[in-house]
Amino acid sequence: MLNSRLGAELIKRNADEASCRLLVHGDHNTCAIMSRSMLPTQLLVVIAGLLLTDTVTIEDLDKQHLSETDQTESYMPFLCPTPPPLPSFTASSVDTVRPADLSALYWLSTSLSGRDVTSKIVSRLAELLSMFNPALVTGNVKLQSQTWSLQQEAQELSRAMSDQVSGWKLVLLLVSTHHTCDSSTYVDAVVREAEAALQILQEQLRQTLLHVVVFIPNQPNNNTCTRPENTKLSKAILLQKLLDSLQSVLARVKWHPSATAMLQPLPLILEDTPDQKDITSKLALQLWTNMLQPSSAPSEDITIACPTQDRPFLRTQVNSPKSSSRAIWQKAQGMGTEIPCKDRRPSPKIPNSVHELRPADIKVVAAVGDSLTAGNGVGAKYDNLLLVINEYRGLSWSIGGDENIETVTTLPNILREFNPSLTGFSQGVGKQDSPAAFLNQAVAGAKSGDVVEQVRTLVDMMKNDTRIDFQNDWKVITMFIGGNDICDFCTDTVIFSPRNVVKRIRQALDILHREVPRALVNLVELLYIIPLRQLHKDNALGCPTWFVRMVCPCVLKPKDGSLELQKTEEFNRAYQHAMQQLVDSGHYDSHDNFTVVLQPFFREVFLPTLPNGKPDRSYFTPDCFHLSQKAHTLMARALWNNMLEPVGNKTSTQDFMSGIDLKCPSETAPFLRTAVNSNYTFPGPPPPPTTAPNWGRDFSCPNTEPSDSPPTSAHRVRPADIKVVAALGDSVTAGFGAKAQNLFQLRTEYRGVSWSIGGDKNLETVTTLANILRKFNPELKGMSKGQGKKRTGFNMSATGAKVAGIPEQIRRLIDTMKNDTTVDFAHDWKLVTLFIGGNDLCQFCNDRASLSPKNYSHHLVTSLDILYNEVPRTIVNILEILQIEDLRRIKRDSIGCNVIQPYAPSFHVWHPRALACPCFLLPGDDSPELAEAKRMNRELQIETEKVAYGGRYDDREDFAVVVQPFFRNSIVPLNADGRPDVSYFTEDCFHFSERGHADMAVAMWNNMLEPVGRKQTFNNFTSGRGGIKCPTEENPYIFTRMNSGLSLPSTHCPMDIPIWLAVVLAVSALLLGWGLTWLVLTWRNKRTMSTAVLTVEMKAAVL
């Protein structure tokens, strides 16, 4: 049934006439669509439609998926607003077909192994189309053997369509290729197969739109093709080549006037994700969007496109010509640079110190790095994405040597104006092992772990090349690496942790330091990559976002404002900071003929824009990711200027729009700048981390006053109005092992530091929710102190408790409060915090019946009912159960954490953590048991919110239940190595330490000051002493659902509306619902019959 929360959202929210957006409630992806001008009757139709479908979540679509010849019964979770009426007609042209004109949907595929997934995707697309024509039928040829070719499938499909179905039809041809194969021969074979099928279809198809879709199923590597290099860039180029080849094929095929074919511009990529239900629905939405006439509007949120009055038709080549991005592409000019420097002389004699090195003293240049140094796509034409695979090494900013400084600006071409005999630079186009590459040993796709091999190759080349006097020639070596590490960091935060990335860079620099004499190494700081996301937010730019999402997923995939994007930015900055610390250690200034200088011009990047404010694509290659020659020109100038700027005062921004004028050596500063000749004092390595003396927090809230008089409403309670705190729960709230220093202390309950109710010392020393509240009311009652059960206060939690034990805890709490003479039970405002479910979740696999989500909900309702019926003036905080899965990652070198789990293949030792939580800690990775546990975890979170916000506890003005969701998307805190930070956990690597309790307390407090519906749903662990939010003059109260602006269902009619009118409306809505029910049931019956007939006929045709 439609719950009150969704009903309120339906009434409140509007939708744009041209699109409909998913309304996300937690993890419920529920879409409610209404036109801004929707009348009450139309609103009733929408609500009734949602009621009849029972549930409209994307996840449930997969559960309702039937076999490929059966039709699914569910709606997709949206309703497009009805566009302004068009003249009623049946499309006379293939270019004027609307979704409602389609009578049938068919599909065929080049892949045998991916048909199950394909069937699910097409099934979801059929649900979308059925919203416009409920009589739509779907089908495909049932393969008679695994040896059937695509041509045979096309022949049978053509015969069946011509015999059985009239009206306009949509055919999807899904062309699949293996994601890991980049063989041109393999791609050509796939294209030939598709072309043969298209020739068959074009002879038979009438009144048909055929959309060709490139589909990349998630398949393991196989032996159908081999790859010399496994780079994401090569994979992306493969897909683009396939798209271009198919486009050429379609241009050659001649269709009947009533039929047409077009290539969908974006490939369908089935990503490797644990939630395949969600990804198949998203791919169906992508198919749907690409079927419609395109919109140029930018789209950042999840948006479902709808036909509009301006664009009502399904896309064809005629009604949706391909747009060109030439209009927003400014032709690059001025690639050369004028050298203003007058004094270009070398030193009177070859210097012996790197700190007395003039530009003209440089004899050799070299470079290592990734695709930006290899020059990928630098010389590519703006509209040829395939050319991005080419490595234009002669144009590379730090090492290219094509032509001269008048036409090509690179660091070597600048240096050649000071020393024409310079050597080492690369020229032309080619790989790192081509002769013209010379000392440019950068490799496209390289990460920090690859740079050691590059450096070893470079050193060997310099030692063995007769053009280089290895011992005496002065060398400038530029290293720029880390971009691909940040692009992949989210796949493994340990391998790509800032410390480990810089550790690998240090290994490469150590080789140069140890083996290469007379060298100045430019370590170019990793660029700030986040601004590049702006290129992919505006469809009008024509950027191949799908391409960049493959090459750099960790930067492109996160949504704005998400925790994932925040983590990306943190890692980006951490890489930069770690590089600074490496050079500032002074490690590479141990002798005078070698140094490493950090060049920071990429620390801050300002994206270039056009006069209209749109990003200027001319600074980027056709993929909108790599940098064009226009950008390489500015990079070369910026690097040169950095080399002449003193250490500690170097330019650390790259504003592409401002232009960069070259600097020159001066009489007072004629040398390339190093730390020594800049009089720079190294700060030395950072001090080793020390254990904080305590986990207290600083408090700075200015307004700590209570209300003028005690409030009577739970929705008008200020923090200082709280007189009593209480807590219910399990071992976490009991403080189990929170301060334990060894396994023997683990079972001690340190209740005085318990996150929600501990009252040891004060906030500056011990951070708990109670100690925060004491800043507002020093006379607060109920806090637990010390350890054990002597001074528990109103902390009723019990180690090992499950939700079934909470009613008993509440009974004891009520009795204890009533018997406490310091508590005015009837008039004191009480804050009760409930955190339960961990033990239910950890043990559910041992007793699925009694520990089911349904029973969890029952016990939770029973508990809240007692409080609701018997305790006045109360706000109940319910903390959602955390995501326990990540606790599997916690490791520590201690007896409690490091013992092998029980009954492993080679060991029979009991693990204390497994004893605490066997249902999560014992299953293997990717096992069905772990998947079941994760589903159970989420279901308990969902049940908590349903109970709290179901309206059961809304009738009392002095009572409120609020869900605090900061644990909904739990993120295990990481240390500098990218591994879980065990200091947040106690000796068993499962329960929280005092530090973890402190951060839980701050997160809970901050959630309390955030409105319902806009609360932070992840934990942001931090070791700082700040972070405590303060009430404001505009929002001085603890937030409840009522004072958060979420309207609640009313049981009373407004006085200005006649009672008879309300009755009439209610009866009308009921009759309308009955009518819709009859219509839908009749429609479903007809669809079932038509689908069954089609299935039989198609099978008969095949036989």
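Residues numbered from 1 in each chain as written. Predicted model: local features only at pLDDT ≥ 70, side-chain atom pairs only at ≥ 80, totals over all residues. Heavy atoms only, no water.

Draft legend 1. A look at the overall build of the protein. Along the backbone of the protein there are 27 helices and 20 strands. Considering the protein as a whole, with its 1103 residues, one finds that 57% of them fall into the buried category. For the protein, contacts bridging at least 24 residues in sequence account for 76% of all contacts bridging at least 6. Total accessible area on the protein is roughly 47000 Å²; 52% of this is exposed by carbon and sulfur atoms. (Helix = DSSP H or I, 4+ residues; strand = E, 2+ residues; numbered from the N terminus. Buried < 20%, exposed > 50% of the residue type's maximum accessible area, 1.4 Å probe, protein only. Contact = heavy atoms within 4.5 Å. Areas by Shrake-Rupley, 256 points an atom, 1.4 Å probe, with all protein chains shown as cover.)

Draft legend 2. Seen up close, the pattern of salt bridges. Here the structure, examined in full by the defined rule, presents 33 salt bridges. Residue Arg 811 pairs with Glu 870 through a salt bridge whose shortest N-O separation is 2.7 Å. Taken together, the residues span a long stretch of sequence, with Arg 811 in helix 19 (residues 806–819) and Glu 870 in helix 21 (residues 853–870) at a distance of 59 residues. Assessed through its relative accessible area of 40%, Arg 811 is described here as partly exposed. Looking at Glu 870, the relative accessible area reads 30%, which means it is partly exposed. Put simply, Glu 932 and Arg 848 hold a salt bridge, and the shortest N to O gap is 2.9 Å. Placement of the pair is Glu 932 in helix 25 (residues 928–948) and Arg 848 in the loop between helix 20 (838–843) and helix 21, with a sequence separation of 84 residues. Residue classification places Arg 848 among the partly exposed positions, given a relative accessible area of 43%. (Salt bridge = Lys/Arg side-chain N within 4 Å of Asp/Glu carboxyl O.)

Draft legend 3. Geometry of the side chain of Asp 488. With respect to the helices, strands and loops of the structure, Asp 488 is situated in helix 12 (residues 483–488). Ignoring any residue separated from it by four or fewer positions in sequence, one finds Asp 488 in contact with Lys 232, Lys 447, Phe 496, Pro 553 and Cys 554.

Draft legend 4. Structural context of the sheet that holds strand 11 (residues 362–369). The 4 strands are arranged 11-12-13-14 in an open sheet whose pairing can be described as parallel. In this open sheet, the two strands that pair with only one neighbour each are strand 11 and strand 14 (594–599). Averaged over neighbouring strand pairs, the angle between their axes works out to 20 degrees when direction is ignored. Across the sheet, helix 11 (residues 451–464) lies against strand 11 and strand 12 (474–480), angled at about 155 degrees from strand 11, the strand it touches most. (Pairing = 2+ DSSP bridges. Axes fitted to C-alpha atoms, helices over the stretch in contact; angles between N-to-C directions.)

Draft legend 5. A look at the sheet that holds strand 19 (residues 874–879). Reading across the sheet, the 4 strands line up as 17-18-19-20 and stay open at both edges, with parallel pairing between neighbours. For this open sheet the edge positions go to strand 17 (722–729) and strand 20 (959–964), each flanked by a neighbour on one side alone. Direction aside, neighbouring strands of the sheet carry axes that sit 20 degrees apart on average. Pairing geometry for strand 17 and strand 18 (residues 829–835), over 7 bridges, is parallel. In the strand pairing of strand 18, Val 725 is matched with Leu 831. Where helix 19 meets the sheet, it contacts strand 17 and strand 18, and its direction lies at approximately 150 degrees from that of strand 17.

Draft legend 6. Fine view of the state of the cysteines. In the structure shown here, the tally under the stated rule is 7 disulfides. Disulfide partner of Cys 543: Cys 624, at an S-S distance of 2.0 Å. With the S-S dihedral at roughly -75 degrees, the linkage between Cys 543 and Cys 624 falls on the left-handed side. Of the two residues, Cys 543 is situated in the loop between strand 13 (519–524) and helix 14 (545–551) and Cys 624 in the loop between strand 15 (604–606) and helix 17 (629–644); the sequence distance between them amounts to 81 residues. The two residues Cys 543 and Cys 624 agree in class, both being buried. Disulfide partner of Cys 845: Cys 919, at an S-S distance of 1.9 Å. Across the S-S bond of Cys 845 and Cys 919 the torsion is about -90 degrees, and the bridge reads as left-handed. Taken together, the residues Cys 845 in the loop between helix 20 and helix 21 and Cys 919 in helix 24 (residues 918–921) connect sequence positions 74 residues apart. According to the relative accessible area criterion, Cys 919 is buried, its value standing at 3%. (Disulfide = S-S within 2.5 Å.)

Draft legend 7. Geometry of the packing of aromatic side chains. The full count for this structure, using the stated rule, is 20 aromatic pairs. Centre to centre, the rings of Phe 985 and Phe 992 are 5.4 Å apart; their planes meet at 25 degrees, and the pair counts as stacked. You can call Phe 992 buried: its relative accessible area is 5%. Three or more aromatic residues joined by ring pairs make a cluster, and in this case those are Trp 755, Phe 835, Phe 966, Phe 967, Phe 985 and Phe 992. In this structure, Arg 467 packs its charged tip against the face of Phe 438, placed 4.0 Å from the ring centre. When the ring centre of Phe 825 is taken as origin, the NZ or CZ atom of Lys 830, which lies over that ring, is 5.2 Å away. (Phe/Tyr/Trp six-rings, centres within 6.5 Å; stacked < 30°, edge-to-face > 60°. Lys NZ or Arg CZ within 6 Å of the ring centre and 35° of its normal.)

Draft legend 8. Structural detail: helix 13 (residues 498–515). The terminal C-alpha atoms of helix 13 lie 26 Å apart, and with 18 residues this matches the ideal 26 Å at 1.5 Å per residue to within 8%. As for helix 13, its buried residues are in contact with helix 11, strand 12, helix 12, strand 13, helix 16 (563–584) and strand 14. (Expected span 1.5 Å × (residues − 1).)

Draft legend 9. Quick peek at the packing of helix 13 against helix 16. Packing of helix 13 against helix 16 brings their axes to within 9 Å, and their N-to-C directions diverge by 35 degrees. Judged by the sense of rotation from one axis to the other, the crossing of helix 13 with helix 16 is right-handed. For the pair helix 13 and helix 16, contact is made by Pro 498, Val 501, Val 502, Ile 505, Arg 506 and Leu 509 and by Phe 571, Ala 574, Tyr 575, Ala 578, Met 579 and Leu 582, respectively. By residue class, the composition of the contact of helix 13 with helix 16 is 11 nonpolar, no polar and 1 charged. (Left-handed = near helix turned anticlockwise from the far one by under 90°. Nonpolar A, V, L, I, M, F, W, Y, C, P; charged D, E, K, R; others polar.)

Draft legend 10. Structural view of the packing of helix 6 (residues 184–204) against helix 7 (residues 232–252). Packing of helix 6 against helix 7 brings their axes to within 10 Å, and their N-to-C directions diverge by 30 degrees. The angle between helix 6 and helix 7 places the two elements in the roughly parallel class. Handedness of the helix 6/helix 7 crossing: right-handed. Together, Ser 184, Val 187, Val 190, Val 191, Ala 194, Glu 195 and Leu 198 of helix 6 and Leu 238, Lys 241, Leu 242, Ser 245, Leu 246, Val 249, Leu 250 and Arg 252 of helix 7 make up the contact between the two elements. Considered class by class, the residues forming the contact of helix 6 with helix 7 number 10 nonpolar, 2 polar and 3 charged. (Parallel < 35°, antiparallel > 145°, perpendicular 65-115°, else oblique.)

Draft legend 11. Structural detail: the environment of Ile 269. With respect to the helices, strands and loops of the structure, Ile 269 is situated in strand 9 (residues 268–269). Look at Ile 269 and you get buried, because its relative accessible area is 16%. Along the primary structure Ile 269 and Thr 280 are separated by 11 residues, whereas in three dimensions their C-alpha atoms are 9.8 Å apart. Excluding residues within four positions of it along the chain, Ile 269 makes contact with Ile 216, Leu 239, Leu 283, Trp 546 and Met 550.

Draft legend 12. Representation of the pairing of strand 14 in the model. Counting buried residues along strand 14, 6 of its 6 residues qualify, which places the element largely inside the surrounding structure. Here strand 14 shows no split at all, with Phe 594, Val 596 and Leu 598 on one side and Thr 595, Val 597 and Gln 599 on the other all buried.

Draft legend 13. Expanded view of the environment of Glu 932. Look at Glu 932 and you get partly exposed, because its relative accessible area is 25%. In this structure the C-alpha to C-alpha distance between Glu 932 and Phe 920, which are 12 residues apart in sequence, comes to 9.5 Å. Not counting the four nearest positions on each side in its chain, Glu 932 is found in contact with Phe 844 and Arg 848.

Draft legend 14. Just the side chain of Lys 650, in detail. Along the chain, Lys 650 falls in the loop between helix 17 and strand 16 (653–655). Buried charged residue Lys 650 carries no salt bridge. Nearest counter-charge: Glu 645, at 5.6 Å. Only 2.7 Å separates the side chain of Lys 650 from the backbone oxygen of Glu 645, close enough to count as a polar contact. Ignoring any residue separated from it by four or fewer positions in sequence, one finds Lys 650 in contact with Val 597, Leu 598, Gln 599, Pro 600, Asn 642, Met 643, Glu 645 and Arg 673. (Lys, Arg positive; Asp, Glu negative; His and termini not counted. Polar contact = N/O pair within 3.5 Å; in protein donor to acceptor, adjacent residues only side chain to side chain.)

Draft legend 15. Here's a closer look at the nonpolar core. In this structure, Leu 210, Met 479, Leu 509, Leu 512 and Ile 529 are the most contacted members of the largest nonpolar core, which totals 151 residues. Looking at this core element by element, the count peaks at 10 residues for helix 7. If sequence neighbours within four positions are ignored, Leu 210 has contacts with Val 171, Leu 173, Leu 198, Leu 201, Leu 205, Trp 255, Thr 260, Ala 261 and Met 262. If you look at the next biggest cluster of nonpolar residues, it comprises 95 residues, including Leu 769, Leu 860, Ile 884 and Leu 921. (Core = buried A, V, L, I, M, F, W, Y, C linked by side-chain atoms within 4.5 Å.)

Draft legend 16. Examining the confidence of the model for the protein more closely. When the pLDDT values of the protein are averaged, the result is 81; 78% of them are 70 or greater. Across residues 1–79 the pLDDT falls below 50, and counting only partners more than four positions away or on other chains, this stretch makes 163 contacts in the model. (pLDDT = per-residue confidence, 0-100.)

Draft legend 17. Representation of unusual backbone geometry. Although it is not a glycine, Phe 438 adopts a positive phi angle of roughly 50 degrees. Here Phe 438 shows up in the loop between helix 10 (411–416) and helix 11. A relative accessible area of 8% means that Phe 438 is categorised as buried. Phi is positive for Cys 624, which is not a glycine, with a value near 60 degrees.

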